[in-house]
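Spelled out from the first residue to the last, the chains are:
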Amino acid sequence: MVAFGVGFGVASLASPALLADRYGTTGYATIAGTLATPVTLARAAAPLAAAALATAAGYGITLTAIGATCAAAAIGILARAGTPPPSAGAVEPRG
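Undergrad: I'd like a description of the overall build of the protein chain, backed by residues and values.
TA: Within the protein chain, the regular secondary structure consists of 3 helices and 0 strands. In the protein chain, buried positions account for 6% of the 95 residues. Approximately 7100 Å² of the protein chain is accessible, and the part contributed by carbon and sulfur atoms is 74%.

Undergrad: Describe a nonpolar patch on the surface, listing the residues and the values that go with them.
TA: Where nonpolar side chains cluster on the molecular surface, the patch consists of Phe4, Phe8, Leu63 and Ile66 and spans about 390 Å² of accessible area. Broken down by secondary-structure element, the contributors of at least two residues to the nonpolar patch are helix H1 (2–23) and helix H3 (59–80). Note that phenylalanine 8 resides in helix H1. In this structure phenylalanine 8 comes out as partly exposed when scored by relative accessible area, which is 45%.

Undergrad: Hey, could you go over the packing of helix H2 (residues 28–57) against H3 for me, with residue numbers and the actual values?
TA: Here H2 crosses H3 at 140°, and the two axes come no closer than 7 Å. It follows that H2 is oblique to H3 by the angle criterion. Of the residues in H3, those touching H2 at Ala50, Leu53, Ala54 and Ala57 are Tyr59, Ile61, Thr62 and Ala65. Split by residue class, the contact of H2 with H3 holds 7 nonpolar, 1 polar and no charged.

Undergrad: Residue-level account of the packing of H1 against H2, with values.
TA: The contact between H1 and H2 brings their axes to 10 Å, and the two run at 150°. Between H1 and H2, the crossing angle belongs to the class labelled roughly antiparallel. Like other packed secondary-structure pairs, H1 and H2 cross with a definite hand, here right-handed. Of H2, the residues touching H1 (which contributes Phe8, Ala11, Pro16, Leu19, Ala20 and Tyr23) are Tyr28, Ile31, Ala32, Leu35 and Arg43. For the contact of H1 with H2, the residue count by class is 10 nonpolar, no polar and 1 charged.

Undergrad: Lay out H1 with the relevant residues and their values.
TA: Helix length check: H1, at 22 residues, gives a terminal C-alpha distance of 31 Å against a target of 32 Å (1.5 Å per residue), a fit within 8%. At alanine 14, H1 shows its maximal kink, close to 35°; a proline, proline 16, follows between one and four residues later. Positive phi appears at glycine 24, one or two residues downstream of H1, with a value of about 85°.

Undergrad: Quick one: what's the story with the environment of proline 16, residue by residue and with numbers?
TA: Tracing the backbone through its elements, the reader meets proline 16 in helix H1. Here the alpha-carbon distance between proline 16 and alanine 32, two residues 16 residues apart in the chain, equals 7.6 Å.

Undergrad: An account of H2 is needed here, citing residue identities and associated values.
TA: In this model H2 runs 41 Å from its N-terminal to its C-terminal C-alpha over 30 residues, within 8% of the 44 Å that 1.5 Å per residue would give. Approximately 30° is the largest bend angle found in H2, and it occurs at alanine 45, with the proline proline 47 only one to four residues beyond.

Undergrad: So what's going on with the confidence of the model for the protein chain? Residues and values would help.
TA: Looking at the protein chain as a whole, the pLDDT averages 84, with 89% of positions reaching at least 70. Of all helices and strands in the protein chain, the one with the weakest mean pLDDT is H1 (80), whereas H3 scores best (93).

Cut-off values and rules
Residues numbered from 1 in each chain as written. Predicted model: local features only at pLDDT ≥ 70, side-chain atom pairs only at ≥ 80, totals over all residues. Heavy atoms only, no water. Helix = DSSP H or I, 4+ residues; strand = E, 2+ residues; numbered from the N terminus. Buried < 20%, exposed > 50% of the residue type's maximum accessible area, 1.4 Å probe, protein only. Areas by Shrake-Rupley, 256 points an atom, 1.4 Å probe, with all protein chains shown as cover. Patch = residues over 30% accessible without salt bridge, like charges linked within 9 Å, V, L, I, M, F, W, Y side chains within 5 Å. Salt bridge = Lys/Arg side-chain N within 4 Å of Asp/Glu carboxyl O. Axes fitted to C-alpha atoms, helices over the stretch in contact; angles between N-to-C directions. Parallel < 35°, antiparallel > 145°, perpendicular 65-115°, else oblique. Contact = heavy atoms within 4.5 Å. Nonpolar A, V, L, I, M, F, W, Y, C, P; charged D, E, K, R; others polar. Left-handed = near helix turned anticlockwise from the far one by under 90°. Expected span 1.5 Å × (residues − 1). Bend = angle between axes of the 7 residues up to and from the residue. pLDDT = per-residue confidence, 0-100.

Laid out in structure tokens, this is it:
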């Protein structure tokens with residue numbers, strides 16, 4: 001549990017820097033706003049879903065599902081890590 005707490009803390013600090021580094025400061029607000037809703041909903045729903053799964057199937061299956069989800073996320077991040085960022089003119093702020 002401590003690792004997840006540290007992960008959320010680091011993510012809240014690193015996300016703005018990573019977004020600005022990859023997409024530039026021009027499109028930062030649009031991209032950060034677009035990401036905020038699904039991320040917030042997932043953070044709110046995940047504990048409830050894990051509690052429901054633990055009640056229905058037990059802790060072993062719940063921890064296996066959490067581990068598989070984390071592994072899938074890591075694989076997705078690593079798969080996209082080598083792609084170049086979009087060109088500077090590709091991200092236009094909406095207005």
